[in-house]
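A look at the structure
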Amino acid sequence: MPFPDGTPVVTLTGTLPSAVAGDGYGGQVLLTPSAILADSERHAVYPGGGKVAIVDGQFSVELIPNDAVGVDPDGWKWQVDVQPSKGRRVVFWADIHGADGDTVHLDELVPAQAPGGGSSGNSGGDGAPGKSAYEIAVQQGFAGTVTQWLASLSGPAGPTGAAGAQGPKGDTGAPGPQGAQGNTGATGPQPQLGAAGAGDTIALKTTDPSTTNARSPLAHAASHGSGGSDPISPAAIGAEPTGTAASAVAALSALTQTSVKPADETRTATTTLADDQHLYATLDVNSTYRFRSTLLFDGPEAGDATITFTAPTGASGGWSPFAGTLGTTVPDGSAQIKVAARQLGSPSDVGVMASSASLAGIMLLPQGVVTTGATPGQLRLRWAQQTSSATPTSLKAGSNLEVVKLSGPTPAASGINNDFPSSYPSDQGLLAWTYDPDEAGHVTAQSAAGVAGRVTLTKIMLRKQVTWSTIWLGLSGVDAAATLSNCYLGVYDTTGTLKGVTADLSSTFVNASNAKAIALSLTAPFTAAPGQYFIAMLLNGSWATNVFHFKCSSAGISVNANLTPPNLRYSNMLSGQTSLPASIDLTQQTVSLINTGWASQWYAIT
C-alpha cells in the first residue's frame, strides 16, 4: 500500500555494474530501520523495513528519511544490506537524510556507528552490536566512503598456480560439415529387374527417404483450418478477409433507406397536395440518390389522384410516375402509361381504379433521381385526389419507398430506417440528439447535496461518422445567486474513455441570458465513429433547488426499461469529482440519482 498522505519520503537509488565489461547484476537490497517507527502526525506505525530488486545493476526505492519530522524514536538509523547476485555482499548502518521528494544515491552514504540496542517486551536486553569490517577500517585510520573502501579491498593479481591434473575425457563432439562431393564415375550397366518374390514383405534401405520422416497424418480440415498446425489464410487462396462480406452487406444497408406504410391512409374531398404520413427519407448534403416507390391506390375512378415528390431546397433531379392516365377503366393494363419526367415538386395526375372481386386497386411505380446541395432535408411523397370526391381515395398499407445513396459524403452507418420520426436532427442542422427537442418539456432539478461531485451520463447514438465539436443542452432555469465551480460537459465512448470535454461552464450556468437551448464547445473536436456514446455532466457548488434546472422528458425512472450496465440510457456514478476522469468503468453505472428525478436530459450535437 502507498505511504499515508503527507508522509515525507526520499528516493534511494544505486548503480551496481560489474567492474569488468560493466554488466549489470541482479540481486536485492534489504533496508531495515533500527527501531519500530511511530509517525504521530499521520497516526502510522512502521514495524519493519523491506526490500527492492536490483535489475540490470540498478535499483530505486522510496523510504522515510531519518530526519523526517514527527517520526520517532530519535537517533534511529537504516541498516543497508546490499546483496548482488554476483560480487560481495555489503552491510552497513547509515543516516539517510533529505527533504520530501529528494533523491539520495547509494555511493553518497557514509556508514555510521550502529545504533544502541533496545528491549522488547519482557526479553533481556540486547548486547552491543559488533563493528562492521568498514567500521574497523575507519577505526584503524581509513578515510573515505564505503564505495571507496570496497574498491580498496581488491589487491594485485597473485602468481599463476600450477597446472591441475588432466580431467576425464569429454563427450564426443557434433559431426563436422559434409565434405565436397567427388567426381561421378561412369554409369554401370542397369541391372535387370528380377521376378517378384512371393509374399507381401518389401525390403528397404534404412536411408530410404520414406523411412526417415515417419509421421502420423492429420485430417486435412484440422491441420489447415483456423487454429490448426498449418492454417491457410484467406489471402493464400485468393479469398477476401473474414468479415468482408458482412461489411459489404452492412455498407449497402447503410446506403439504403426503406419506408413501408404500416396502415392505409385516405384523402376525401380534397385536391390539395399533402405529405404522406409514412413515405419519406432523410437526405444528406451534396449527395445523389436513386429512389423508387410501389404505390397501391384504391378509390373512385372519378376521383383519380395527383402525386409528386419534394426534396430539400437547392436539390435537383426529376421523377416519372409510371402510372396510368386519368380515367383508367381498362383492368388489363392497356391504358396509356405516363413516363415523362417531372421536376421535383411538380405534380402529375394519375388514374386510380377501385378494388373489386378480382382487383386490389391499381399499382403506380414512380421512380427518380435527386441530387442535394448545401441543404439537407427530406424526400417526401405528396398526394391528393385529382378531382374532389366524397368517396375516399386510399393509399394502401404495404406501399413503400426505397431510397439508395449513390454518391456523396460518408453514408449513414445504421441499417434500414424503420422508425419514421416526424423530425430528424438534420431538419434542424444537428448531427444527432437524444430525442426531438419538441418532447423536452419537463424540467429536472436536484439539490447541490444530491448532485454536486457526481457524474451523470446520458446515452446518445450516432448513425454515421461525424466530427463532434459541440454539445447542445436545454438550460431551462438559471439561479443567478448560485455559487458554481468545476462544472463540465464531456463525452465518453463505450470503453469509458473521455473523448472530449468543455471548459469550466460555471459562469455560463449562472448567466440568466442563457436560459435556452445553448451550444457548448468542446475544447478540441474529435472524429466520432458510428456507435453509442455517453454525454457526461459534472456540477459543483451550491444553488437553490428548482431554480437551476435543465430540459428533459417526463419519462421518469422508466427511461432504462430493459437495459442494464454498461448500457443504461441514463445513469450516474462516482462522487466527490472536481473534473471529469480520463476514463470510467461503465459497468459501475447506477440509477441512484435517476430514480430521484434527475433523468432524461435533452442533448444534441453539432
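In what follows, the accompanying structure is described.

Cut-offs and rules
- Residues numbered from 1 in each chain as written.
- Predicted model: local features only at pLDDT ≥ 70, side-chain atom pairs only at ≥ 80, totals over all residues.
- Heavy atoms only, no water.
- Helix = DSSP H or I, 4+ residues; strand = E, 2+ residues; numbered from the N terminus.
- Buried < 20%, exposed > 50% of the residue type's maximum accessible area, 1.4 Å probe, protein only.
- Contact = heavy atoms within 4.5 Å.
- Pairing = 2+ DSSP bridges.
- Polar contact = N/O pair within 3.5 Å; in protein donor to acceptor, adjacent residues only side chain to side chain.
- Phe/Tyr/Trp six-rings, centres within 6.5 Å; stacked < 30°, edge-to-face > 60°.
- Axes fitted to C-alpha atoms, helices over the stretch in contact; angles between N-to-C directions.
- Patch = residues over 30% accessible without salt bridge, like charges linked within 9 Å, V, L, I, M, F, W, Y side chains within 5 Å.
- Areas by Shrake-Rupley, 256 points an atom, 1.4 Å probe, with all protein chains shown as cover.
- Salt bridge = Lys/Arg side-chain N within 4 Å of Asp/Glu carboxyl O.
- Core = buried A, V, L, I, M, F, W, Y, C linked by side-chain atoms within 4.5 Å.

Bringing the overall build of the chain into the picture now. When helices and strands are counted, the chain shows six helices and 39 strands. Buried positions account for 36% of the 606 residues belonging to the chain. Within the chain, counting contacts between residues at least 6 apart in sequence, those at least 24 apart form 76% of the total.

Across the sheet, which stays open at both edges, the three strands sit in the order β4-β3-β7 with antiparallel pairing between neighbours. Each edge of the open sheet carries a strand with a single partner, namely β4 (44–46) and β7 (71–72). Strand direction decides the pairing type here: strand β3 (residues 37–39) and β7, joined by two bridges, are antiparallel. Bridging across to β7, Asp39 finds its partner in Val71.

With that out of the way, let us pick up the environment of Ser287. The topology assignment puts Ser287 in the loop between β14 (274–283) and β15 (288–298). Residue Ser287 is classed as buried on the basis of its relative accessible area, which comes to 1%. When the C-alpha atoms of Ser287 and Pro376 are compared, they prove to be 9.3 Å apart, with 89 residues separating the residues in sequence. If near-sequence neighbours (up to four positions away) are discounted, Ser287 is found in contact with Val370, Thr371, Thr372, Lys405, Ser407, Gly408 and Pro409. A polar side-chain atom of Ser287 sits 2.8 Å from the main-chain carbonyl oxygen of Val285.

All told, the structure shown has 11 aromatic pairs when counted by the stated rule. Here the aromatic rings of Phe3 and Tyr46 are separated by 6.4 Å at their centres, their planes lie at 55°, and the arrangement is tilted. On the criterion of sequence distance, the pair formed by Phe3 in the segment before β1 (10–15) and Tyr46 in strand β4 is long-range, its members being 43 residues apart. For Tyr46, a relative accessible area of 14% translates into the label buried. A ring pair is formed by Phe509 and Phe548, whose centres lie 5.7 Å apart and whose planes are at 45°; its orientation type is tilted. Here the residue Phe509 occupies a position in helix α6 (residues 506–509), and Phe548 occupies one in the loop between β36 (541–542) and β37 (549–552), the gap between them amounting to 39 residues. There is no split in this pair, since Phe509 and Phe548 are both buried.

Right, let's get into the sheet that holds strand β35 (residues 531–538). With antiparallel pairing, the five strands of this open sheet are ordered in space as β33-β32-β35-β29-β38. Looking at strand neighbours, the two that pair on one side only are β33 (498–501) and β38 (570–573), the edges of this open sheet. With strand direction ignored, the average angle separating the axes of adjacent strands in the sheet is 30°. As defined by bridge partners, strand β32 (residues 488–492) adjoins β35 across five bridges and the pair is classed as antiparallel.

We now examine a nonpolar patch on the surface. On the surface, a cluster of nonpolar side chains totalling about 450 Å² of accessible area is made up of Phe322, Ile337, Val339, Met363 and Leu365. Within the element layout of this structure, Ile337 appears in strand β19 (residues 337–338).

As a further point, take the nonpolar core. With 34 residues, the main nonpolar core has Trp468, Leu473, Phe509, Leu539 and Phe550 as its most contacted residues. Leu473 has contacts with Leu489, Phe509, Lys516, Ala517, Ile518, Leu520, Met537, Phe550, Trp602 and Tyr603, leaving out every residue within four places of it along the chain. Counting residues in hydrophobic clusters, the runner-up holds 30 residues, among them Ile64, Val82, Val104 and Tyr134.

Take the side chain of Ser506 next. Positionally, Ser506 belongs in helix α6. For Ser506, a relative accessible area of 9% corresponds to the buried category. Here Ser485 takes part through its backbone nitrogen, which lies 3.3 Å from a polar atom of the side chain of Ser506. Excluding residues that lie within four positions of it along the chain, Ser506 makes contacts with Leu484, Ser485, Asn486 and Cys487.

In this structure, Pro73 follows Asp72 across a cis peptide bond, with omega equal to 5°. Omega for the bond connecting Pro565 with Pro566 falls within 30 degrees of zero, at 10°, which places this linkage in the cis form. Looking at the secondary structure, you find Pro566 in the loop between β37 and β38. You will see that Asp304, though not glycine, has its phi angle at about 50°, which is positive. Within the element layout of this structure, Asp304 appears in the loop between β15 and β16 (305–310). Asp304 gets classed as buried once you look at its relative accessible area, which sits at 4%. The phi angle at Asn562 is positive, at roughly 70°, despite the residue not being glycine.

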